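Residue-level structure breakdown
Below, each chain spelled out in residue letters.
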Amino acid sequence: MFPTYDIVVVGAGHAGCEAAAAAANMGMSVMLATMNMGTIAQMSCNPAMGGVAKGQIVREIDALGGYSGIVTDRSMIQFRMLNRSKGPAMWSPRAQSDRMRFAEEWRLMLEKTPQVDFWQEMITGLVVKDGRVTGVKTQLGLEISARAVVLTNGTFLNGLIHIGEKQFGGGRSGERASVGLTAELEALGFESNRMKTGTPPRLDGRSIHWDRMEEQPGDENPSKFSFTDTEILSKQRPCHISYTNLKTHAELEKGFDRSPMFNGRIKGLGPRYCPSIEDKITRFADKDRHQLFLEPEGWNTEEVYINGFSSSLPEDVQMRALRTIPGLEDVKMFRPGYAVEYDFFPPTQLKLSLETQFVENLFFAGQINGTTGYEEAACQGLMAGINAARKLQENEPLILKRDEAYIGVLIDDLVNKGTDEPYRMFTSRAEYRMLLRQDNADLRLTQIGHDIGLASDDRYQKMLSKKEAVEEVMEIIQNTSVAPEEMDSYLEGLGSTALKQKVKAVSVLTRPQVNLESLISQSSELSEKLEAYDIEVKEQAEIQLKYAGYIEKEQKLALRMMKLDNVKLSDNFDFHTITALSNESREKLSKQRPANLGQASRISGVSASDISVLLVHLGR
């Protein structure tokens, strides 16, 4: 019934969509198998993409040639650049999306991608021969043969939904769980565990008193995610802000005796940084209120997502608590919040390529690896799709380093450190975050995407043109002089020292209070020379000049650390023979099989002295 595919991708969430698109665009024949064709790229939780560190990941996906940035731009209803008051390393794009348009856009893009086929059915098992995956088995008893398989099962593996004292099988509201695969993987030697995540109730916007809340509009001059020529928003929908209060907390506490979180029915590990509302009021009992964001689900729908109110309490408790919140006194629910428990496989069982250690040509991506978030899932799917294709093409895997991409940080963290809670990306996880800014993702990664056959020639030429333009702007700023008479009143107004003579514009720009836009407005010569360049190019040049010292410092640090990454370790290296290593180190290194000393140094439990022992042993 089926041909032999190069790659079967199981699951059509954010990870599965990126994996299928990447592999197909690299020349592979792909089967995308999903339990429900109607929920491809479903936004299971909040209708938004990006945010702190997550926005950087979406831009990196786009720079490499993935689709998430394009889909987001085509379906967004609001755009905000977060953390503008901080340094550029912290700037993070975030978009509210039209949930239905987002899913539709992804499906249409996949259908227009040559070499992607679709099959709607539960995948219940794998076909493995001589330690290599050769296909998948379906619930109907069919076999789909493949040279490689990417599993992106999300929250569906033995998924269990909790609402108060009620529990039922399901991967998300209204959809059944996936059964069979966990048992098969465990039989192959994989270790599994349970995690938990939650989602808030969805509200009827027609029943909300919007005038009793604080409006949160989008940026006055919105940007976008993709480095391609997607359109910029000309109109936006606002979000709104409200707060819980002591009455809310009292109503929630009345349901604690029926809470699956507090009575032990939920066993899975939950996200510490994104707790449910019942967890918040317990852990932060000193707080009289908690902020809530009311986010529209699309351009035309009345459905509203209440960000900050995730809950698995009984539905009647949720309703009574909601009606104590300003603006929600008469609110109606479309559906209650719930928690979902699901199986995941500790990611220390993976190689950095996201190929599993136990079964060749089998790749894992997304929540199956213990992560949470659309963006984290999407970037893993992209890398799994790329590396599955490269494995079949007999090429070395693409491993992004920690100084090259947030994607590299995420995968390195997962594989080397594992995770004991749903892993979410933060800027604080990246030691080179000044290098890994959202504004330069194309300059960092499009060359790589083009070299592996994923980023198109158009993308590549666009990046080269931007790079050239940035260099031109930097040169103009470095070589154009500004005089005291055109600068001094401006500088005095900023509380900055006046000029004593003509100086190069760059020396004024590097002052903390000065930005390029206002500097240009003071100098007619600069204004004339830079008039033809777009805002993105000028902003990039400004950042590179203004933060040159910080950038250089991180580059030097990365080069020093890279020396350890260049010391390779063979696949059959026997760590047990080196008695000077600690017992814990020998165990961890033997289990995780690092490819080089840099990777070994980042494994939890491996000390600096253990790395020194290995260096001596290797004659370094």
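If you're wondering where the values come from, they're calculated on a predicted model, not measured in any experiment.

Basis of the calculations
Residues numbered from 1 in each chain as written. Predicted model: local features only at pLDDT ≥ 70, side-chain atom pairs only at ≥ 80, totals over all residues. Heavy atoms only, no water. Pairing = 2+ DSSP bridges. Helix = DSSP H or I, 4+ residues; strand = E, 2+ residues; numbered from the N terminus. Axes fitted to C-alpha atoms, helices over the stretch in contact; angles between N-to-C directions. Buried < 20%, exposed > 50% of the residue type's maximum accessible area, 1.4 Å probe, protein only. Phe/Tyr/Trp six-rings, centres within 6.5 Å; stacked < 30°, edge-to-face > 60°. Lys NZ or Arg CZ within 6 Å of the ring centre and 35° of its normal. Core = buried A, V, L, I, M, F, W, Y, C linked by side-chain atoms within 4.5 Å. Contact = heavy atoms within 4.5 Å.

Here the focus is the sheet that holds strand β19 (residues 338-344). One open sheet holds the four strands; their spatial order is β11-β10-β19-β12, and the pairing between them is antiparallel. Bordering the open sheet on either side are β11 (166-169) and β12 (193-199), each of which pairs with just one other strand. Put simply, the sheet's adjacent strands are angled 25 degrees from each other on average, direction ignored. Bridge count between strand β10 (residues 160-163) and β19: three bridges; the pairing is antiparallel.

Two faces, one strand: in a regular strand the side chains alternate between the faces of the sheet. The element strand β5 (residues 92-97) is extensively covered by neighbouring structure, given that six of its six residues are classed as buried. Residue alternation in β5 divides its side chains into two sets, S92, R94 and Q96 and P93, A95 and S97, and both sets are buried. Across three bridges, strand β3 (residues 48-50) lies against β5 in antiparallel orientation. Residue pairing in the sheet places G50 in a bridge with R94 of β5. When strand β4 (residues 76-82) meets β5, the two strands line up antiparallel, connected through six bridges. Its bridge partner being in β5, R80 is matched across the sheet by R94.

Our focus in this paragraph is the packing of aromatic side chains. Evaluated as defined, the whole model comprises nine aromatic pairs. Arranged with centres 5.8 Å apart and planes meeting at 55 degrees, the rings of F345 and F364 form a pair that is tilted. With a gap of 19 residues between them, F345 in the loop between β19 and β20 (362-364) and F364 in strand β20 connect regions that are remote in the sequence. Take F345 and F364: they sit in the same class, and that class is buried. Aromatic side chains F573 and F575 sit 4.7 Å apart centroid to centroid with 45 degrees between the ring planes, which places their arrangement in the tilted category. Grouping aromatic residues by their ring pairs yields a cluster made of F190, F345, F358 and F364. The ring of W91 carries the charged tip of R84 above its face, separated from the ring centre by 4.2 Å.

Let us look at the nonpolar core. In terms of nonpolar packing, the biggest core is built from 110 residues, with V149, L151, L362 and I407 touching the most fellow members. Top contributing element to this core by residue count: helix α9 (residues 374-392), with 11 residues. In this structure I407 touches I57, E60, I61, L64, C379, M383 and L400, once residues within four positions along its chain are discounted. Counting 25 residues, the second largest nonpolar core, distinct from the first, contains Y490, L509, V514 and A541.

Structural measurements only, silent on function.
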